[in-house]
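Letter by letter, the chains look like this.
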Amino acid sequence: MRKSVLIFLVTNILIVALLVHSLWVLITLLFVNGSEDQISRAELPAPNSNVISSRPQLIPKIIHQTYINESIPAHWQGPQQSCLDLHPDYEYKLWTDKKSREFISTEYPWFLETFDGYEFPIQRADAIRYFVLAHFGGIYIDLDDGCNRSLDPLLAYSAWVRRTTPTGISNDVMGAVPRHPFFLKAIDSLPDYNRNWVMPYITVMASTGPLFLSIIWRHYNSATPSPLENDRVRVLFPDEYNNHPWSFFTHHRGSSWHGSDVRLIFWMGHHWALLTFMGCLVSFTVIFFVWWFCNRTVLKGGRKTSFLPEGIRSVIYRSVSGKKDYELVDRHEV
Ligand SMILES: *[C@@H]1O[C@H](CO)[C@@H](O)[C@H](O)[C@H]1NC(C)=O
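Notes on the structure follow. (Residues numbered from 1 in each chain as written. Predicted model: local features only at pLDDT ≥ 70, side-chain atom pairs only at ≥ 80, totals over all residues. Heavy atoms only, no water.)

1. Some thoughts on the packing of aromatic side chains
For step 1, the next point in the chain: Applying the stated rule across the entire model yields 22 aromatic pairs.
For step 2, the next point in the chain: Judged by centre distance (5.1 Å) and plane angle (55°), the rings of Trp95 and Phe103 are tilted.
For step 3, the next point in the chain: Positioned over the ring face of Tyr241 is Arg162, at 3.6 Å from the centre of the ring.
For step 4, the next point in the chain: Across from the ring centre of Tyr193, 6.0 Å away, lies the NZ or CZ of Arg195, which sits over that ring. (Phe/Tyr/Trp six-rings, centres within 6.5 Å; stacked < 30°, edge-to-face > 60°. Lys NZ or Arg CZ within 6 Å of the ring centre and 35° of its normal.)

Here you go:
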């Protein structure tokens, strides 16, 4: 095998290995559907069943919701009231911006700087729900989700989240006992995930939103030793979530914070075939360029007349070697 071919292959294998390694958790999200932790429909009594449940209620009877202030907009009062009406014996906590900040500054002062520093208010609304679940336990419900039946059967699990399609889990309804290790891990991880990904939608999703929680969920489930049976995070699947008479929730209006970049994401979703094709084209071009570079410049460039003009060559060397090594490389080349 020619030396250049070998270098080419090794370089490419290294690049691919590095990418796969750094994106591994995201890649596994495409294959893991959470079915091993599914709360199966057989486990759940029908909405008006008079079967007497002997299962202990682990999760405290608290419903948490978040909004800017106490004036809930008219279109969300219906869903909010439906949850209140079905759960007269539950404590209700509405986390307004003011209450949320007070809570963080009193109970979790180490997080206050990150909390105040979030660029988008929805990031604070995301973060506070993990903190109150970790702290008090209970059930968090987004304001655009209404209740369709009593949530009592869901109190029997130490923690549960909702599955989303095509992949991952959502943070719009979740339940947990106080100090559940999954939510402790989530709040502990928030500062590390506080990065800006240029597009607001992706920044929110990955720093505090469903993508963040899905990644933590993957890490939590694949940790060694694996979570104890009592600490498993159970998963509510779409049929148990809404659209059926036996489902727990009803879904109203979409999220209120989506910006213009969401249109781009949806556009990308509709044009995935074109984008895949373009992606392959770009990858092959890059691979071809690496090949060309290994073959011509590195191995023969010194001996033969290079195919690249001198100016372009020094630019490449500079970017490859970094500024400090530029002179050295260049002198060697001359
Ligand atoms: C609550 O917030 C909304 C939206 O920002 C605002 O229009 C309303 O005036 C606020 N209400 C009170 C009582 O501060």
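More follows now that the structure is in view.
2. Focus on the side chain of Gln123
For step 1, the next point in the chain: As for its placement among the helices and strands, Gln123 is situated in helix 6 (residues 121-136).
For step 2, the next point in the chain: A polar contact is formed between the side chain of Gln123 and the backbone nitrogen of Glu119, at a distance of 3.2 Å.
For step 3, the next point in the chain: If sequence neighbours within four positions are ignored, Gln123 has contacts with Tyr118, Thr203, Val204, Ser207 and Thr208. (Helix = DSSP H or I, 4+ residues; strand = E, 2+ residues; numbered from the N terminus. Polar contact = N/O pair within 3.5 Å; in protein donor to acceptor, adjacent residues only side chain to side chain. Contact = heavy atoms within 4.5 Å.)

3. Some points on the nonpolar core
For step 1, the next point in the chain: The biggest cluster of nonpolar side chains holds 39 residues, and the ones touching the most others in it are Phe111, Phe182 and Phe183.
For step 2, the next point in the chain: Going through the elements one at a time, helix 2 (24-31), helix 4 (97-107), helix 5 (112-117), helix 6, strand 5 (159-163), strand 6 (169-176), helix 7 (181-189) and helix 9 (210-221) are the ones with two or more residues in this core.
For step 3, the next point in the chain: The leading source of residues in this core is helix 6, at seven residues.
For step 4, the next point in the chain: Look past the residues within four positions of Phe183 in its chain and what remains in contact with it is Tyr130, Leu133, Ala134, Val161, Met174, Gly175 and Ala176.
For step 5, the next point in the chain: With 20 residues, the next largest nonpolar core counts Ile59, Leu155, Trp160 and Val177 among its residues. (Core = buried A, V, L, I, M, F, W, Y, C linked by side-chain atoms within 4.5 Å. Buried < 20%, exposed > 50% of the residue type's maximum accessible area, 1.4 Å probe, protein only.)

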